[in-house]
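Structural overview for review
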Amino acid sequence: MTQKCRIYSSEDFVHLRKVGELTAHILDYITSYVTDGVTTLELDRLCHEEILRHNAIPAPLGYNGYPKATCISVNHVVCHGIPSDKKLADGDILNIDITVILNGWYGDSSRMYVVGKPSKRAMELIDTTYESLMLGIGLVRPGIRLGDIGHAIQRFVEARKFSVVRDYCGHGIGRVFHDDPTVLHFGKSNSGPMLELGNVFTIEPMVNVGGYKTKVLKDGWTAVTSDRSLSAQFEHTIGVTEEGCEIFTLSKLGMHKPPYDIKRQ
């Protein structure tokens, strides 16, 4: 089926910058609270309150019945982890995924965080996942096909002896939460829709230490690695420009990947 990718104007990009800036701010804000002994439920509460303080809405809350304001995915949880009373412990790695609605516009981004001192392999996973995201973003420009981005991410990740999740993907965003195009992080080059000036979407590779297969737990949301290996994810919302692309969700504090210098907050 041909995907009809929405085109946004330069005026629309102004709104996308504002909501993207807020999304990045929430991820910056929560950084100092990610510590040994904190619960993911408490992190969710803090994010929720900060979103509301900026007169915005947490998009996940109530979306298809999802019960919380954020998705927080720890260790072998790939995505859509529901915040709970479980406490974080030394060595844990986690992804916090934030989507906010500001004046009818959506911003979506996620980052990895670490507790204490994770294993060397865990940090290699995090670095590889972040680098694969930025590799994919670096390819974005009018006239390139989305398959070229997914193909490049897959080749890079597999060369590092990790695997790319197949069951979840990036997506169009802007005036709606999930829209065309579907952004795969694997696949064949010279395939998929051709990007045009004004397309807006997320790139959000999920990378596993073990195999790429996932399964969903009984809660209907939490996706985990089938082999219980560690998983990592980073995500940005981007818009296609004449020169290439604009990342709407960059941290103004330079908090791009762990370890983070929280003194700069």
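Located above this text is the structure these notes cover.
Structural notes, computed from the coordinates. These figures come from a predicted structure and were not determined experimentally. (Residues numbered from 1 in each chain as written. Predicted model: local features only at pLDDT ≥ 70, side-chain atom pairs only at ≥ 80, totals over all residues. Heavy atoms only, no water.)

Spatial ordering of the open sheet is given by β6-β10-β13, a layout of three strands whose pairing is antiparallel. What marks the edges here is a single partner per strand, and that holds for β6 (163-164) and β13 (231-233). Where helix α3 (residues 120-139) meets the sheet, it contacts β10 (206-208) and β13, and its direction lies at approximately 35° from that of β13. (Pairing = 2+ DSSP bridges. Helix = DSSP H or I, 4+ residues; strand = E, 2+ residues; numbered from the N terminus. Contact = heavy atoms within 4.5 Å. Axes fitted to C-alpha atoms, helices over the stretch in contact; angles between N-to-C directions.)

For the rest of this paragraph, the subject is the state of the cysteines. According to the stated counting rule, one finds zero disulfides in the structure shown. Here C5 is not cross-linked by a disulfide; its sulfur's nearest cysteine counterpart is in C169, at 12 Å. As a non-bridged cysteine, C71 has C79 as the owner of its nearest cysteine sulfur, 7.7 Å distant. (Disulfide = S-S within 2.5 Å.)

Two strands in a sheet stick together by hydrogen bonds in their backbones, pointing the same way (parallel) or opposite ways (antiparallel). The three strands are arranged β3-β12-β11 in an open sheet whose pairing can be described as antiparallel. Two strands close off the open sheet at either side, each with one partner strand: β3 (77-79) and β11 (214-216). With direction set aside, neighbouring strand axes in the sheet form an average angle of 40°.

Another point: unusual backbone geometry. Following D180, the chain continues into P181 via a peptide bond in cis, with omega recorded as 10°. A cis amide bond links P258 with the next residue in sequence, P259, at an omega value of 5°. Residue position: P259 is located in the segment after β15 (245-247). Phi is positive for N103, close to 55°, though the residue is something other than glycine. Note on placement: N103 falls in the loop between β4 (93-102) and β5 (105-114). In the Ramachandran plot, K161 falls in the positive-phi region, its phi being about 70° despite a non-glycine side chain. Along the polypeptide, K161 turns up in the loop between α4 (146-159) and β6. Classification of K161 as exposed rests on a relative accessible area of 65%. (Buried < 20%, exposed > 50% of the residue type's maximum accessible area, 1.4 Å probe, protein only.)

A complete count under the given rule lists two cavities of 30 Å³ or more for this structure. One number sums up the size of the largest cavity: a volume of about 40 Å³. Lining the largest cavity, in full, are S110, R111, Y130, F234, E235, H236, S251, M255 and H256. Counted as a void, the second largest cavity has a volume near 30 Å³. Taken together, S73, V77, V78, L94, N95, M112, S231, A232 and Q233 form the lining of the second largest cavity. Every element with two or more residues in the lining of the second largest cavity is listed here: β3, β4 and β13. The element best represented in the lining of the second largest cavity is β13, accounting for three residues. Of the residues assigned to the lining of the second largest cavity, the class counts are five nonpolar, four polar and no charged. (1 Å grid on protein atoms, 1.4 Å probe; cavity = no way out; pocket = protein on both sides within 12 Å on 5 of 7 lines; lining within 4 Å. Points joined across faces, edges and corners; volume = space filled by probe spheres on them. Nonpolar A, V, L, I, M, F, W, Y, C, P; charged D, E, K, R; others polar.)

Time to look at the environment of C169. For C169, the position within the fold is in the loop between β6 and β7 (170-172). By relative accessible area, C169 is classed as partly exposed at 28%. In the structure, C169 is positioned 16 residues away from H185 in sequence and 6.6 Å away in space, judged by C-alpha atoms.

Taken as a whole and assessed by the stated rule, the structure comprises eleven salt bridges. Salt bridges sharing common partners tie together E42, R45 and E49. (Salt bridge = Lys/Arg side-chain N within 4 Å of Asp/Glu carboxyl O.)

Interhelical geometry of helix α1 (residues 10-30) versus helix α2 (residues 40-53) gives an angle of 140° and a closest axis separation of 10 Å. By the angle class used here, α1 and α2 are oblique. Seen from above, α1 lies across α2 with right-handed handedness. Along its contact with α1, which presents H25, I26, Y29 and I30, the element α2 presents L43, L46, C47, E50 and I51. Considered class by class, the residues forming the contact of α1 with α2 number seven nonpolar, one polar and one charged. (Parallel < 35°, antiparallel > 145°, perpendicular 65-115°, else oblique. Left-handed = near helix turned anticlockwise from the far one by under 90°.)

So, about the nonpolar core. Counting residues in each nonpolar core, the largest one holds 64 residues, and the members touching the most others are L43, L94, I96, F201 and I203. The element that contributes the greatest number of residues to this core is α1, accounting for eight residues. Core analysis: the next-biggest nonpolar cluster, separate from the first, contains six residues, C79, V165, M206 and A223 among them. (Core = buried A, V, L, I, M, F, W, Y, C linked by side-chain atoms within 4.5 Å.)

Turning to the packing of aromatic side chains, a few remarks are in order. Going through the model one piece at a time under the given rule, you end up with eight aromatic pairs. Between Y113 and Y260, the aromatic rings sit 5.5 Å apart at their centres with planes inclined by 55°, giving tilted as the arrangement. One end of the pair, Y113, is in strand β5; the other, Y260, is in the segment after β15, with 147 residues separating them in the sequence. Using a relative accessible area of 16% as the deciding quantity, one classes Y260 as buried. Relative to F234, the ring of Y130 lies with its centre 5.3 Å away and its plane at 75°, an arrangement referred to as edge-to-face. Of this pair, Y130 sits in helix α3 while F234 is found in the loop between β13 and β14 (236-240), placing the two residues 104 residues apart along the sequence. Each member of the pair, Y130 as well as F234, carries the same accessibility label: buried. Here the aromatic cluster, defined as three or more aromatic residues joined through ring pairs, consists of Y63, Y106 and F177. Positioned above the aromatic ring of F186, the side-chain terminus of R166 is 5.0 Å from the ring centre. Here R166 stacks its cationic end above the ring of Y212, 4.0 Å away from the centre of that ring. (Phe/Tyr/Trp six-rings, centres within 6.5 Å; stacked < 30°, edge-to-face > 60°. Lys NZ or Arg CZ within 6 Å of the ring centre and 35° of its normal.)

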